[in-house]
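Examination of the molecular architecture
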Amino acid sequence: MIHLAVYLLCFAVWSPFAVADNHASDAAVSYHAEIVPILKRSCQGCHHPGDPNADLIVTSYADLKRGGMAGEAIIPGKPDESLIIKLISGDEPAMPQNQEPLSAEEVELFRRWILEGAPDDTPTEVDTMEGNYPTYTVPPVVSAIAYSPDGSTLAVSGFREVLLYDTTTFELKARLVGKAHRIQSLTYTTDGKILGVAGGSPAQFGEVQLWDTATHTLIKTIRSSYDTVYGLSFSPDASRIAFGCSDKTVRVLSIEDEKELVKFDNHSDWVFGTIFSTDGSHFVSCGRDTALKLVEVNTGSFVDDINSSNKGYGEINTIARHPSENQVLSGGEDRIPRLYKIFREIRRDVGNTDFNLIQAYEAQSGSIEGVAFSGDGTRFATGCASGETRVYNIQDGKRIASMQGDAVAVFAVSFHPNGTQLATGGFDGKIRVFDAVSGKLLNAFMSVPIEPAGSEDVALVVTGMT
Ligand code: HEC
């Protein structure tokens, strides 16, 4: 089904949204060029595979044809008997629910398409997308990794794709190919049903992809800003996403209708990380401007600077939230992991002491690029630009293990949910899995399949759609 996902991504870029007016009335209606753009714009938000209303999915011809709870929505040749026409036409059309009705021209397109037999003219090259994966002659930098909440899968960033590995056999299970060239952030919803992928193509677009983990199909792609986006997080109820942008903003969007709920612009530089509070009412963001900011989601209003940013702590590259408490762990340029209370309990003073600080830990051997909590919230791990990875006890700050997580620099760390294993990824493109207590290396493997190189100076070669 990966071909479908790729196809949808293509479509998001290339399809004109309104073509109804240009349609020459004697030509046959094209499902691919005329119907799909309307479905995508007006219907897909509520009828996608992740949570289809009335069991109707409109993201592929086959699904649309199959219909929903009431059975077939389209009877080829018989528009007047087709449920879809009944619902989109009339004085107060039922669909799209609670939204602007389709224009008369658009309804007419649907009607004529069904009258003409509702043919599927989806281009055949779509089918060949399956297996059309990026090929690599040199290892890509690994910028993000994440264990699935059930511990069965390790998701790893590649170039224009995410690779899923089985955590017992370490075999490649699936490759989720998208349009965004760079993948910066990977995160699962708490129930594990959706894998969120954030990234983009520099100076072109930022993108969040939501993948159905059961079927490995793309639920939706949300484009935002004109550059790569960072630090994706889901609200606890998985209804919203937050991410940071190079235009110094943090955006919060509702997944269902893709509405931008918050565009927070109080940072003065790139934003690298976001997390939600345990009840989803607030988010915390961090970035190059050295600040940790607390914002209320519903109003979008700035609440507090969690850290005191006049202390020269340096850029904050990464944050993680404690699995059950309103505590945030930050790491960055000054090499010191710091644990903060998200909500202030003591009045801010003139002295501007770091009042929310719970603990500052031992300095690391390089700037901190990744932090992660163990599932039970008793330990945390750091990944550093020195290539080192360490595990600490949160309570007493004791270092439990030190490991070489990459030959050059570690960019991402993730704990297995049962807390026994820690995976790292970084500059040399290898995934390393360690025993999180003893620090013993359990496995190391290349993050992507590497083709035998024809020449030493061949850089990254990518075939297929670019
Ligand atoms: C805001 C959400 C939303 C949007 C947008 C939306 N729908 Fe629906 N749709 C629903 C819900 C909810 C139901 C179930 C309604 C009910 O049971 O009363 C439904 C039911 C349907 C059904 C009946 C399916 C069945 O078998 O029972 C069809 C057909 C349908 N929608 C088509 C469309 C089309 C076509 C569009 C776009 C033009 C669209 N919908 C847009 C929410 C939506």
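Just so it is clear, the structure is predicted and the values come from calculations on it, not from any experiment. (Residues numbered from 1 in each chain as written. Predicted model: local features only at pLDDT ≥ 70, side-chain atom pairs only at ≥ 80, totals over all residues. Heavy atoms only, no water.)

So, on to the side chain of D289. Checked against the element boundaries, D289 lands in the loop between β14 (282-287) and β15 (292-296). Among buried Asp, Glu, Lys and Arg side chains, D289 stands out as unpaired, with K293 the closest opposite charge at 5.2 Å. Here the side chain of D289 touches H267 through a polar contact of 2.8 Å, side chain to side chain. A distance of 3.0 Å separates the side chain of D289 from the backbone nitrogen of S268, its partner in a polar contact. Residues contacting D289, with those up to four places away along its chain left out, are H267, S268 and D269. (Helix = DSSP H or I, 4+ residues; strand = E, 2+ residues; numbered from the N terminus. Buried < 20%, exposed > 50% of the residue type's maximum accessible area, 1.4 Å probe, protein only. Lys, Arg positive; Asp, Glu negative; His and termini not counted. Salt bridge = Lys/Arg side-chain N within 4 Å of Asp/Glu carboxyl O. Polar contact = N/O pair within 3.5 Å; in protein donor to acceptor, adjacent residues only side chain to side chain. Contact = heavy atoms within 4.5 Å.)

Counted at 1.5 Å a residue, the expected span for helix α5 (residues 104-115) with its twelve residues is 16 Å, and the 16 Å between its end C-alpha atoms agrees. Packing partners of the buried residues in α5 comprise α2 (31-42), α3 (61-66) and α4 (83-88). (Expected span 1.5 Å × (residues − 1).)

With antiparallel pairing, the four strands of this open sheet are ordered in space as β9-β10-β11-β12. The sheet is open, and its two borders are formed by β9 (229-234) and β12 (260-264), each paired with just one other strand. For this sheet the average axis-to-axis angle between neighbouring strands, irrespective of direction, equals 15°. Alignment of β9 against strand β10 (residues 240-245), held across four bridges, turns out to be antiparallel. Note on β10: the bridge partner recorded for S233 is A242. (Pairing = 2+ DSSP bridges. Axes fitted to C-alpha atoms, helices over the stretch in contact; angles between N-to-C directions.)

Going through the model one piece at a time under the given rule, you end up with 13 aromatic pairs. Pairing Y61 with W113 gives two aromatic rings, centres 6.4 Å apart and planes at 80°, and the pair type is edge-to-face. Of this pair, Y61 sits in helix α3 while W113 sits in helix α5, placing them 52 residues apart in sequence. With relative accessibility at 0%, the residue W113 sits in the buried group. (Phe/Tyr/Trp six-rings, centres within 6.5 Å; stacked < 30°, edge-to-face > 60°.)

Moving on to the coordination of the iron atom of the ligand. Each pair of donors in an ideal four-coordinate tetrahedral metal site encloses 109.5 degrees, whereas pairs in an ideal six-coordinate octahedral site enclose 90 or 180 degrees. Taken together, the protein ligands of the iron atom of the ligand are H47 (NE2) and M95 (SD), with distances of 2.1 to 2.2 Å. For the iron atom of the ligand, the six donor atoms are set out with angles of 86 to 179° between them, so the coordination reads as octahedral. Taken together, the residues H47 in the loop between α2 and α3 and M95 in the loop between α4 and α5 connect sequence positions 48 residues apart. On the basis of relative accessible area, H47 is assigned to the buried category, the value being 10%. (Donors = N, O, S within 2.8 Å, 3.2 Å for Na, K, Ca; no water. Tetrahedral: all angles 85-135°; square planar, octahedral: opposite > 155°, others 65-115°.)

The pLDDT averaged across the chain works out to 88; a share of 88% of its residues lies at or above 70. Of the regions scoring below 50 in pLDDT, residues 1-22 engages in 51 contacts with residues more than four places distant in sequence or in other chains. A low-confidence stretch, residues 455-466 stays under pLDDT 50, and its non-local contacts, those more than four residues away or across chains, total 28 contacts. (pLDDT = per-residue confidence, 0-100.)

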